[in-house]
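Commentary on secondary and tertiary structure
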Amino acid sequence: MLKRLALVAAAVGGIVFIRSKVRQQQAEQDLWNQATDDVQAEGPATPAPAPAAPAPAPAPAADQDTPAATS
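So, here's what we can say about the structure. (Residues numbered from 1 in each chain as written. Predicted model: local features only at pLDDT ≥ 70, side-chain atom pairs only at ≥ 80, totals over all residues. Heavy atoms only, no water.)

Description of the overall build of the chain
Along its length, the chain carries one helix and zero strands. When each of the 71 residues of the chain is scored for burial, the buried share is 0%. When the accessible area of the chain is evaluated, it comes to approximately 7500 Å², of which 63% is carbon and sulfur surface. (Helix = DSSP H or I, 4+ residues; strand = E, 2+ residues; numbered from the N terminus. Buried < 20%, exposed > 50% of the residue type's maximum accessible area, 1.4 Å probe, protein only. Areas by Shrake-Rupley, 256 points an atom, 1.4 Å probe, with all protein chains shown as cover.)

Right, dumping it as structure tokens:
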């Protein structure tokens, strides 16, 4: 029983250790990506594009309540 408990504790400890290493490596990779990313802030600031004009309202449809006169 004590051996099983020690084995489970070792397995949990190993998992915790591996997860912390993976998180540390991911943080290092994120930092590296941020440092080597193309930096566009060095040049003059470009103005934000103007918002698009609103779409025009659709033309009113012909009155569909009254039937067309037929001869």
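Having seen the model, we can carry on.
A word on helix α1 (residues 2-36)
Between its first and last C-alpha atoms α1 spans 51 Å; for 35 residues at 1.5 Å apiece the expected length is 51 Å, and the two agree. Burial runs low along α1: only zero of the 35 residues are buried. (Expected span 1.5 Å × (residues − 1).)

Shape descriptors only; they carry no functional weight alone.
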